[in-house]
Amino acid sequence: MISEDNTPQENKEKKNNTPDKETALPESQGRRNAIKTLATVPLLGALAYGAYKKQKSIKTLKDVSDVFNLSNASTSVPAMQTDGKLIRLGVIGCGIRGKQLLRALGFATPERMQILKTEAKENSSDTRYKDFLAQESLNVQITGICDIFDTFAEEGIAAGGNIYKEVAGGKMGPQPKRYLNYKELLAADDIDAVVIATPDHWHGTMAMDAAKAGKHVYCEKPLTWTVPETYAVRDVIRQSNVVFQLGHQGRQVDSYRKAKEIIDKGLLGPITLIEVCTNRNDPNGAWVYDIDPTANPKTIDWKQFEGDPQRIKEYNEYMLSNNLAKYMGPDERDKFSLERFFRWRCWWDYSTGLSGDLLTHEYDAVNQLLGTGIPHSAASSGGVYFFKDGRTVPDVLQTVFEFPDKNLTMLYSATLASNRNRGKVFMGHDASMEVGNTLTLKIDSGSTRYKEKIEQGIIKPDVPFYTYVPGQSKVDAITSATELYFAERGLLYSYMGGKRYDTTFLHLREWLECIRNRNLKPSCGIDAAFEEAITAHMGTRAYLEGRTMYWDKDKELIVKA
């Protein structure tokens, strides 16, 4: 029906399959053994060791396993259930993210297959075509496609019918049926589950309608556009018998699992501050997406795009009651606009801004690792400081979340006008850890846990002490700054057992396995989704209203100071 244009452009990364590597430094038996060891460690491990050798004068580095001990087990992908049950899917929204989800499910347009095949011939290290052909079958059939833009719908149909992964002119399978309205798709008897990849302002409405229709739901983040519907979606999903998964593919990242082991073993010491960031510096990263030349009032159903009347009413009531009319643009909603259709993330009328689009990924990673839940409070600041293009959502945003029951603060800092690399950093009393598609851990000079080793000169503070690079020996090639942003966070792919996997494929695979085996639970079900949505809404409201927002956990309400 509607498309979600919130993810990077076509992925052109290259594959490097090597075993998972990790190294704790220092640990060696002299120069000869060190050289032998370095032959097997990844680039980051080698650099970390080099930094140590440059700054240390002792000849033999002693063992540190008594204070820093991790498992050597490599994460592997469990075998799929073998009951052979076919799951019939409907896809709602076939824009950038919708087509990426289709590819993760095993379906690509013939044109996309031709591009991959051609580029593989031109570059022997480009294995994307080979990888896609070899991608494990999820035993699903695309039986329905819904998009309100004709071109996107046609692309979705072409992908869904390309069951043999052919290039243009090749053999095609049965084409999925196109639905002009998502409710018609939900009423179809030949659809068991739906994938929702629409703009934010439709997520909650469609998820509820799908659950009421008895369809299992995979919904892209964020969960909701307004606060009231967040409670409603949770209630409907809980009361239904459907399997719900929110699209946070970071739940499948191998390095996050290693990070959790480090945290759970207390190797960082008490964590009091976490800094998570968004840095981008190009129009695509700021949601200024290309406008399709085939788009016009005849090929787009603008009336459907506008949104659910009840959700619009909730939004308008909140904005007007808090004197926030300047962010609404009510006179623009009814006017057909190609800019608003393709770049909808730039307006609160359809979007949740930086909070819903990018903060949610960072928060979900923190919640996954620490189980923080909903913060006690949120305070935000920022503004539209660079992209003066009529947008109402900020391109610079800082939000501070407090978790006093966990003695913890989380700072989210974002700019869409600088590519300066800033990672996701967990700051503990004994060590700090930067988490992304790799891990880097540094011992703190004031550590209690490692004090003796520091005094003995065995551990040098503030240089890389431990690194974990899952399955790769060099950086994969990517094609845009936006892709780099996602790749560095492990949101494009992760290595498991020496093999690279599309994390979206793994997340969808998990959801499908939970549908087949109801004893299994999705990693990002409705409770985690509710926590994500409320947290993002607290940050957004704090920005819009210019005051701190609090969470009353007993009443489950967002309250003002």
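Preceding this section is the structure that the text describes.
The following paragraphs examine the structure supplied in this document. (Residues numbered from 1 in each chain as written. Predicted model: local features only at pLDDT ≥ 70, side-chain atom pairs only at ≥ 80, totals over all residues. Heavy atoms only, no water.)

As for the sheet that holds strand 5 (residues 193–196)
Ordered by their spatial adjacency, 6 strands build an open sheet running 4-3-2-5-6-7, and the pairing between neighbours is parallel. In this open sheet, the two edge strands, each paired with only one partner strand, are strand 4 (177–179) and strand 7 (244–247). Between one strand axis and the next, the sheet turns through 20° on average, direction left out of account. (Pairing = 2+ DSSP bridges. Helix = DSSP H or I, 4+ residues; strand = E, 2+ residues; numbered from the N terminus. Axes fitted to C-alpha atoms, helices over the stretch in contact; angles between N-to-C directions.)

So, the packing of helix 3 (residues 96–105) against helix 18 (residues 503–516)
Close contact between helix 3 and helix 18 brings their axes to 9 Å; oriented N to C, the two are set at 70°. Put simply, helix 3 runs roughly perpendicular to helix 18. The hand of the helix 3/helix 18 crossing is right-handed. Counting all contacts with helix 3, which are made through R97, L101, A104 and L105, the residues of helix 18 involved are T504, F505, L508 and L512. Per-class residue counts for the contact of helix 3 with helix 18 are 6 nonpolar, 1 polar and 1 charged. (Parallel < 35°, antiparallel > 145°, perpendicular 65-115°, else oblique. Left-handed = near helix turned anticlockwise from the far one by under 90°. Contact = heavy atoms within 4.5 Å. Nonpolar A, V, L, I, M, F, W, Y, C, P; charged D, E, K, R; others polar.)

Some thoughts on the packing of helix 9 (residues 227–239) against helix 19 (residues 526–545)
Here helix 9 crosses helix 19 at 180°, and the two axes come no closer than 10 Å. By the criterion of interaxial angle, the relationship of helix 9 to helix 19 is roughly antiparallel. Between helix 9 and helix 19, the contacting residues are V227, T230, Y231, V233, R234, I237 and R238 on the first element and I526, D527, F530, A533, I534, H537 and R541 on the second. By residue class, the composition of the contact of helix 9 with helix 19 is 8 nonpolar, 2 polar and 4 charged.

As for the packing of aromatic side chains
One pass over the structure, following the stated rule, counts 21 aromatic pairs. Plain terms: the ring middles of F341 and F342 are 5.0 Å apart, the flat faces sit at 85° to each other, and that makes the pair edge-to-face. Overall, the relative accessible area of 3% leaves F341 in the buried class. Aromatic side chains Y501 and F505 sit 6.5 Å apart centroid to centroid with 10° between the ring planes, which places their arrangement in the stacked category. Comparing Y501 with F505, the two get one shared label, buried. By way of ring pairs, the aromatic residues F149, F152, W302, F305, F336, F341, F342 and Y350 are connected into one cluster. The ring of F530 carries the charged tip of R234 above its face, separated from the ring centre by 3.8 Å. Over the ring of Y318 we find R541; its NZ or CZ atom is 4.2 Å from the centre of that ring. (Phe/Tyr/Trp six-rings, centres within 6.5 Å; stacked < 30°, edge-to-face > 60°. Buried < 20%, exposed > 50% of the residue type's maximum accessible area, 1.4 Å probe, protein only. Lys NZ or Arg CZ within 6 Å of the ring centre and 35° of its normal.)

Some words on unusual backbone geometry
Cis geometry marks the peptide bond from K221 to P222; its omega dihedral reads -5°. The phi dihedral of W287 falls on the positive side, at around 70°, and the residue is not glycine. W287 sits in the buried class, given a relative accessible area of 0%.

Quick word on the environment of I458
Secondary-structure assignment places I458 in the loop between helix 16 (451–455) and strand 15 (464–469). Once the C-alpha coordinates of I458 and V64 are considered, the two residues, 394 residues apart in sequence, prove to be 8.1 Å apart.

Things to note about the pairing of strand 9 (residues 377–383)
Two strands pair when backbone bridges link them, and strand 9 and strand 10 (residues 396–403) are joined in this way by 7 bridges, in the antiparallel orientation. By the bridge assignment for strand 10, A379 is matched with V400.

Some points on the pattern of salt bridges
Taken as a whole and judged by the stated rule, the model has 28 salt bridges. E119 is the partner of R128 in a salt bridge, and the nearest nitrogen-oxygen pair spans 2.4 Å. The class for E119 is partly exposed, based on a relative accessible area of 22%. A salt bridge links R343 to E339; the nearest nitrogen and oxygen atoms lie 3.9 Å apart. The network of salt bridges with common partners includes D200, K221, R345 and D357. (Salt bridge = Lys/Arg side-chain N within 4 Å of Asp/Glu carboxyl O.)

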